[in-house]
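Working through the structure, step by step
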Amino acid sequence: MNGAIIPAKQNSLEEQRRQLPIAQGRDALIQEIRDNDVIVLVGETGSGKTTQVPQYLLESGVAGEGVIAVTQPRRVAATSLAARVAAEKNVQLGGLVGYSVRFDESSTEATRIKYVTDGMLVRELLSDPLLSRYSAVIVDEAHERTLRTDILMANLKTIQRSRNQPVDRKGKGRATALNPLKIIIMSATLDAEKFSKFYDNAKFSTSQPDYVDAALRTFYQIHIDQSPGDVLIFLPGQEDIESLEKSITMYANRLPQECMGVTVCPLYAALPPTQQAKIFSATSKGIRKCILATNIAETSITIPGVKYVIDTGKCKEKRYIARSVGTGFDTLLTRDITKSSAMQRAGRAGREGPGLCFRLYTEESFKAMPISAEPEIRRCTLTSSLLQLKCMGQNLEQLDFMDKPEQDTIISALATLHLLSAVDDKKALTHLGRRMALFPLEPTLARSLLAATEFGCTREMLDILSILSASSKVFYDSSEEREAALETRRKFRHSSGDHMTVLNVVRSYDEIAASESKAGQRDWCQKQYLNFRCLTEAMDIRKQLREACEKNGIDWQLSCGDNEQPVLKSLVRGLVQNAAFLQPDGSYKQIMGPSIVKIHPGSSLCDKKVPAIVYDELVRVILRRV
DNA sequence: GAGCACTGC
């Protein structure tokens, strides 16, 4: 859909921290490194930051063209970290990612991330006192304060002073440093301030313990030490699942012969059922199954044979942020689970015998967890419920609720209904509003449907709305197959945007459904990278909506054929609130709100620079975990 | 430059 994104930069870091239980994100870190020559990064040792931060530097380009050095006090750490990062980036060790330790080197001209022992870098000072090949030096395990680390840190300080000196090239405008150096000191908590002082009060930032990495290590601890039995790991979302799947598989391939094998099964709602089914198939003897699941495995799906549970203590939660001015937006944020979730997760271990649960959080964090989740009335849009209550002659503001909704949420719901002409200036229900409530649709979509009766395109509108109100997305894929999916779906793309693209999909599906069996339809969907589950659900919804039309004297067969104008006009009637105009810099500005929004990269309108857009979904981007 | 789960109508 025309998912739009509010860029993170819009909001102050402080504001984001407040909304984000896990503090530091990838983008925020990159920004901090861009803004500061020295950063002291505090966090637990051996966590993912040693492998991730260099990759962030490389990917974002903040470290320029030079080599990114990561120093380690010990040889074995340098070589094994290099191997792991090379594997994560899917490159040959010694290419893009390499290492250099005494007696052993694996690096080439192409190497951009180089893991080295601090002694090696100190030695390099002899031949290259300014370390000019390096654009960034990351000093890891700085808290160990080995002699060579200290010598290195002292030198880095003076090197940076001379390299980052602005050079005013005559007549060439602004003075800039020719070959600046970035320094990142990674340390355990206690010494952070001392490091910061040493580098002229350098900024320091704290990274949260990396639960994905902790889960990886816990899994292998179980795998090596514990008796046979499957392992279930709870993670917040697809992204973490994909990343952990990669690292577990990578280590599984290097296990000693006598060790049990490992098979990894990802599990989340959006995963096609065929792949979900893998969790139920029995593993052969000598293979340990490791299921990586979202909280879908907490209640909805019970997995047989699980003996060990690893609980990261994290989940995702969708939250609507109301704005009394303009439109609100949804955020999907990673947060701590509740006590009841924690119990539920633990209970998934050993349902058929003794089991063990490994919680990757402290007793204190457990005690700090809320007992149960906040009720939806405090977190969701109330537009639809408000309309319904009005139809029942009730007033949401006067109802005696167990938990009262936020005032802003009510105000924004009322504003939306007013804009859709479902209520009048006195907040009273209109005839139109009553008709909107006849359909099991969000009020915005119901408004578009009623507009379609005027513009003569109910048939097309029902095709689109049924997809929009299905609970899963039509276009959904893992990050691995994203490119292929994009290419295959190109034929559905419509120059007028994603809603017309969706219409093309439904029309094609209708043709297939007319001649193919259910299995044939499923096959077709799979080949087109379309979500079969979404389409079948949408077809049920469409049938129901058509019936609702018939019942209420609306002709659902009105078609505008190949003329897209009536469809677009009708959509706008419902989505007025979500209109935005192109800005000179290529971003979009809401007409009814203050925000700058961006078109989702998966949209057919992305990079098209059309003068105006309407969207049906606005998502606030949350910074990623370090 | 990228999607937690569920439910009802």
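Because the structure is predicted, anything quoted here is derived from the model rather than measured.

We now examine the sheet that holds strand β7 (residues 134-139). Spatial ordering of the open sheet is given by β5-β4-β6-β3-β7-β8-β2-β9, a layout of 8 strands whose pairing is mixed. Two strands bound the open sheet, and with one partner strand each, they are β5 (104-106) and β9 (203-206). Here the strands of the sheet are splayed against their neighbours by 20° on average, with no regard to which way each runs. Note: β7 against strand β8 (residues 182-187), 4 bridges, orientation parallel. Pairing of A136 across the sheet is with K182, part of β8. Across the sheet, helix α3 (residues 49-60) is in contact with β2 (38-42), β3 (67-72), β6 (113-117), β7 and β8; its angle to β6 comes to roughly 140°.

Let's shift gears to the sheet that holds strand β13 (residues 306-311). Taken together, the 5 strands give an open sheet; going across it, the order is β11-β12-β10-β13-β16, and neighbouring strands pair in parallel fashion. The open sheet is flanked by β11 (261-267) and β16 (356-359), the only strands paired with a single partner. Neighbour-to-neighbour, the strand axes of the sheet open up by a mean angle of 20°, direction not taken into account. Bridge count between strand β10 (residues 230-234) and β13: 5 bridges; the pairing is parallel. For I233, the partnering residue across the bridge sits in β13 and is I310. Most of the contacts of helix α9 (residues 238-252) go to β11, to which it runs at about 170°, and overall it touches β10, β11 and β12 (287-293). Each of β10, β13 and β16 is contacted by helix α12 (residues 339-346), which is oriented at about 140° to β16, the strand it contacts most.

Attention shifts here to the protein's contact with DNA strand B. Not every one of the 19 residues close to DNA strand B is listed here, only the nearest: A269, K318, Y476, R482 and P601. T294 has a polar side-chain atom sitting 3.4 Å from a phosphate oxygen of DNA strand B. Classifying every residue of the surface near DNA strand B gives 9 nonpolar, 5 polar and 5 charged.

Two faces, one strand: in a regular strand the side chains alternate between the faces of the sheet. The buried count for β2 comes to 5 of 5 residues, which makes it a mostly enclosed element. Alternating residues of β2 divide into V38, V40 and V42 and I39 and L41, and every residue in both groups is buried. The pairing of β2 with β8 spans 5 bridges and is classified as parallel. Bridging from a neighbouring strand, L41 pairs with M186 of β8. Examined bridge by bridge, β2 and β9 share 4 bridges and lie parallel to one another. Each bridged residue has a counterpart across the sheet, and for V40 the counterpart in β9 is F204.

With that settled, consider the packing of helix α20 (residues 498-515) against helix α22 (residues 532-551). If you want to describe how two helices pack, look at the angle between their axes and the distance between the axes. Look at α20 against α22: their axes get within 12 Å of each other, and the N-to-C directions meet at 85°. By the angle between their axes, α20 is roughly perpendicular relative to α22. On the side of α20, the interface is formed by V505, V506, Y509 and D510, while α22 contributes F532, L535, T536, M539 and R542. For the contact of α20 with α22, a count of residues per class yields 6 nonpolar, 1 polar and 2 charged.

Turning our eyes to something else, we now look at the confidence of the model for chain A. Of the residues in chain A, 92% reach a pLDDT of 70 or more, and the chain-wide mean stands at 88. With pLDDT under 50 throughout, residues 1-24 is counted as low confidence; its partners more than four residues away or in other chains account for 80 contacts.

Next up on the list: the nonpolar core. Burial of nonpolar side chains together is a common tendency in soluble globular proteins. Grouped together as the largest cluster of nonpolar side chains are 57 residues, with contacts concentrated most on F439, L441, L449, I467, L535 and V567. Looking at this core, the elements with two or more residues in it are α14 (383-391), α15 (407-419), α17 (443-455), α18 (458-468), α20, α21 (518-527), α22 and α23 (565-575). The element best represented in this core is α22, accounting for 9 residues. Inspection of this core shows a minimum of three residues originating in each of domain 3 (376-423) and domain 4 (424-577). The next biggest cluster of nonpolar side chains, apart from the first, holds 28 residues, and it includes L57, V70, A82 and I113.

Here we take up the pattern of salt bridges. In this structure the tally under the stated criterion is 26 salt bridges. In this structure, the salt-bridge partner of D477 is R482, at a minimum N-O distance of 3.7 Å. On the accessibility criterion, R482 (46% relative accessible area) is partly exposed. Its salt-bridge partner being R490, residue E487 comes within 3.4 Å of it at the nearest N-O pair.

The terminal C-alpha atoms of α22 lie 29 Å apart, and with 20 residues this matches the ideal 28 Å at 1.5 Å per residue to within 8%. Looking only at α22, the buried set comprises F532, C534, L535, A538, M539, I541, R542, L545, R546, A548 and C549. The opening residue of α22 is N531, an N-cap whose side-chain oxygen sits 3.1 Å from the backbone nitrogen of R533. Phi turns positive one or two residues past the end of α22, at G553, with a value near 70°.

Rules of the game
- Residues numbered from 1 in each chain as written.
- Chains lettered and ligands numbered in written order.
- Predicted model: local features only at pLDDT ≥ 70, side-chain atom pairs only at ≥ 80, totals over all residues.
- Heavy atoms only, no water.
- Pairing = 2+ DSSP bridges.
- Helix = DSSP H or I, 4+ residues; strand = E, 2+ residues; numbered from the N terminus.
- Axes fitted to C-alpha atoms, helices over the stretch in contact; angles between N-to-C directions.
- Contact = heavy atoms within 4.5 Å.
- Near = heavy atom within 4 Å.
- Polar contact = N/O pair within 3.5 Å; in protein donor to acceptor, adjacent residues only side chain to side chain.
- Nonpolar A, V, L, I, M, F, W, Y, C, P; charged D, E, K, R; others polar.
- Buried < 20%, exposed > 50% of the residue type's maximum accessible area, 1.4 Å probe, protein only.
- Parallel < 35°, antiparallel > 145°, perpendicular 65-115°, else oblique.
- pLDDT = per-residue confidence, 0-100.
- Core = buried A, V, L, I, M, F, W, Y, C linked by side-chain atoms within 4.5 Å.
- Domains from an automatic or database assignment.
- Salt bridge = Lys/Arg side-chain N within 4 Å of Asp/Glu carboxyl O.
- Expected span 1.5 Å × (residues − 1).

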